[in-house]
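These are the residues of each chain, in order.
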Amino acid sequence: MTVHASLARRLLLFITMGVAIAILATILMQYSTLNRTMEGLRDQNVEASLGNMLPLIQDSMWAFDDSGVTRAANALLRDPYISGVAVRSAEGEISLNLGDLNSLSDPDLTSVDARTEWNDAGGLLISTPVVHAFNNGETTIGWIHLRSDDSLIDNQVRLVLGGVIVSAVLTIVLLLIGLYALVDRIVAVPIKAFTGFVERTSAGDVSTWIVQREPSLEARSDEIGRLYQSFNDQRDRLIKHEQELLEYRTELETTVSERTEALQRSNTELSESLEKLKIAQVELLQSEKLASLGNLVSGVAHEVNTPLGVSITAASHLTSEARQTQRDLEQETLTKSDLERFFRECLETGALLSSNLDRAAQLIRSFKQVAVDQTSDEQREINLHVYIDEILASLKPKYKNTPVTVVNNIDPDIVLQLTPGALAQIITNLIINSLLHGFDDSTRPGQIRLHNRIQKKTLELIYEDDGEGMGRHGPRHSEAHV
């Protein structure tokens with residue numbers, strides 16, 4: 001069976017058009033590729049030449065050696081990719097222009113602080129500073145300007161591309177002749193038979209494909225025969241894969257449904273656990289507040305016992321003195337001096353009663369306010385210094401008889417709107433922690449200091465102590481920002 005002449009002509013026409021397009025595309029790609037390659041080669045050569053000559057120019061410029069600078073500049077100009085060189089010192093005593101840069105006069109070129117590259121009309125211009133190490137530092141002593149004309153690259157690109165194009169055209173012409181002969185004899189008819197076979201067996205969905213054979217292609221052992229066999233194998237695999245995919249899809253839908261139900265149950269359980277956790281968190285917070293309040297009650301009760309005990313003793317003493325004076329009066333043995341002594345005792349005892357009862361009342365007021373704040377989350381306006389004093393007064397039994405002192409250096413003019421209970425809880429926990437861990441359960445002497453700092457409209461409450469640090473290297477200063 002021979003190939004129809006019309007098919008051969010069409011194939012040859014298409015191949016010729018494809019080859020022509022390929023030649024044109026090859027020329028364009030080769031030109032672009034060669035241009036980029038030559039530009040990269042230019043950059044490498046210029047970089048290497050500049051790296052070799054820069055130390056010599058630097059040393060010669062530092063030593064004011066005009067001849068050394070000139071030799072180095074001429075060496076740079078001998079590079080095939082460098083068409084112009086200019087060297088200028090920072091003080092102006094050296095000014096050298098060679099090649100394309102012979103007429104360079106722009107003073108702005110000497111103001112670059114780092115290597116700079118830019119394209120001028122038809123070329124690449126590179127400027128780099130000459131830096132010399134001096135007194136443990138670096139100073140710019142001059143500048144080097146290089147120019148590479150683009151015509152140097154264009155000439156080399158045209159030379160290389162011309163040879164490539166001639167060789168490609170000759171090769172493609174010979175290839176077209178050979179292809180025509182091969183297409184005419186062994187390609188067109190087998191392809192036509194294979195195309196008809198594919199159209200017959202592959203119509204419709206994969207599940208409807210039928211198993212057929214093409215006798216004219218069965219016995220072929222070349223590429224078309226292998227393609228035919230590969231197509232049959234692939235078709236059989238696709239049919240089998242389609243069946244497996246249908247089965248897997250059914251199984252996957254069942255699995256997704258089961259896992260969706262399990263995920264919904266898990267989400268329900270997680271929601272219930274989260275709700276229980278929130279309730280436990282609230283209860284734990286309330287328990288902590290009540291525990292802190294219990295410690296506060298015991299401390300304040302102990303502190304109030306002292307002024308109340310003194311007041312009871314003073315009242316008892318005053319009652320005893322009054323009874324004795326009454327008996328002396330009834331027995332008519334009361335003297336003026338006894339009466340005067342009785343009045344003095346009354347005044348002194350009254351003053352003692354008043355001061356101790358005032359002290360007890362003050363402690364109870366502070367305790368009441370701090371206790372109410374610790375069990376409430378409401379905000380109110382407080383004077384920060386005064387409120388810290390109230391917290392310290394409620395905690396005083398914890399450190400009164402210890403070598404630890406607590407200093408309140410808060411600005412007395414600061415008034416805030418906040419939740420006092422949270423602040424009281426924080427200050428209480430910090431002081432108790434310092435007494436227990438920073439000062440070895442209040443056995444070590446030291447100081448706790450509270451002060452404030454205002455930065456950028458932000459108030460910082462700073463808590464400091466000079467007790468034992470967190471490490472094992474002895475005492476150190478510790479600080480917390482609230």
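The structure this text deals with has already been given above.
Structural notes, computed from the coordinates. Predicted model only: the values in this text are computed from it and were never measured. (Residues numbered from 1 in each chain as written. Predicted model: local features only at pLDDT ≥ 70, side-chain atom pairs only at ≥ 80, totals over all residues. Heavy atoms only, no water.)

## What to know about the packing of helix α7 (residues 384-399) against helix α8 (residues 420-438)
Rules: Only the stretch in contact is used when fitting a helix axis, every axis being a line fitted to C-alpha atoms; angles between N-to-C directions are given from 0 to 180 degrees. Think of it this way: any DSSP run of H or I at least four residues long counts as a helix, any run of E at least two long counts as a strand, and we number them from the N terminus. The scheme is simple: roughly parallel for angles under 35 degrees, roughly antiparallel for over 145, roughly perpendicular for 65 to 115, oblique for anything else. Helix crossings fall into two classes, left-handed where the near helix is turned counterclockwise from the far one by less than a right angle and right-handed where it is turned clockwise. Any two residues whose heavy atoms approach within 4.5 Å at even a single point are treated as in contact. When residue character is reported, Ala, Val, Leu, Ile, Met, Phe, Trp, Tyr, Cys and Pro are called nonpolar, Asp, Glu, Lys and Arg charged, and the others, Gly included, polar.
At a minimum axis distance of 10 Å, the contact between α7 and α8 shows a crossing angle of 40 degrees. With respect to α8, the element α7 is oriented oblique. Crossing of α7 against α8: the hand is right-handed. From α7, L384, Y387, I388, I391, L392, L395, K398 and Y399 reach across to α8, where they touch P420, G421, L423, A424, I427, T428, I431, I432 and L435. A per-class count over the contact of α7 with α8 returns 14 nonpolar, 2 polar and 1 charged.

## Looking at the side chain of R147
Within the element layout of this structure, R147 appears in strand β5 (residues 137-149). For R147, the residues in contact, after removing those within four places along its chain, are Y81, I82, S83, G84, D100, L101, D120, A121, G122, G123, L124 and L125.

## Some remarks on the pattern of salt bridges
Think of it this way: side chains of opposite charge can pair up when their charged atoms draw near. Using the following cut-off: By convention in these notes, a salt bridge is any Lys or Arg side-chain nitrogen within 4 Å of a carboxyl oxygen on Asp or Glu. Only protein chains enter the accessibility calculation, which uses a 1.4 Å probe; a residue whose area is less than 20% of its type maximum is buried, one above 50% is exposed, and one in between is partly exposed.
On inspection of all chains with the given rule, the structure shows 4 salt bridges. Residue E464 pairs with R449 through a salt bridge whose shortest N-O separation is 3.2 Å. With E464 in strand β10 (residues 458-465) and R449 in strand β9 (residues 446-455), this residue pair connects regions lying 15 residues apart in the sequence. In this structure E464 comes out as buried when scored by relative accessible area, which is 14%. In this structure, E460 engages R453 in a salt bridge whose closest nitrogen and oxygen atoms are separated by 2.8 Å. Taking the relative accessible area as the measure of exposure, R453 reaches 33% and is therefore partly exposed.

## Brief notes about the sheet that holds strand β1 (residues 84-89)
The condition is simple: Any two strands between which DSSP finds at least two bridges are classified as paired.
Strand order in the open sheet made by the 5 strands is β2-β1-β5-β4-β3, with antiparallel pairing throughout. In the strand order of this sheet, the two ends are held by β2 (95-99) and β3 (116-120), each with one partner. Strand-to-strand twist of the sheet, defined as the mean angle between neighbouring strand axes without regard to direction, takes the value 15 degrees. Sheet strands in contact with helix α2 (residues 66-77) are β1, β2 and β5, and its direction is about 25 degrees off that of β2.

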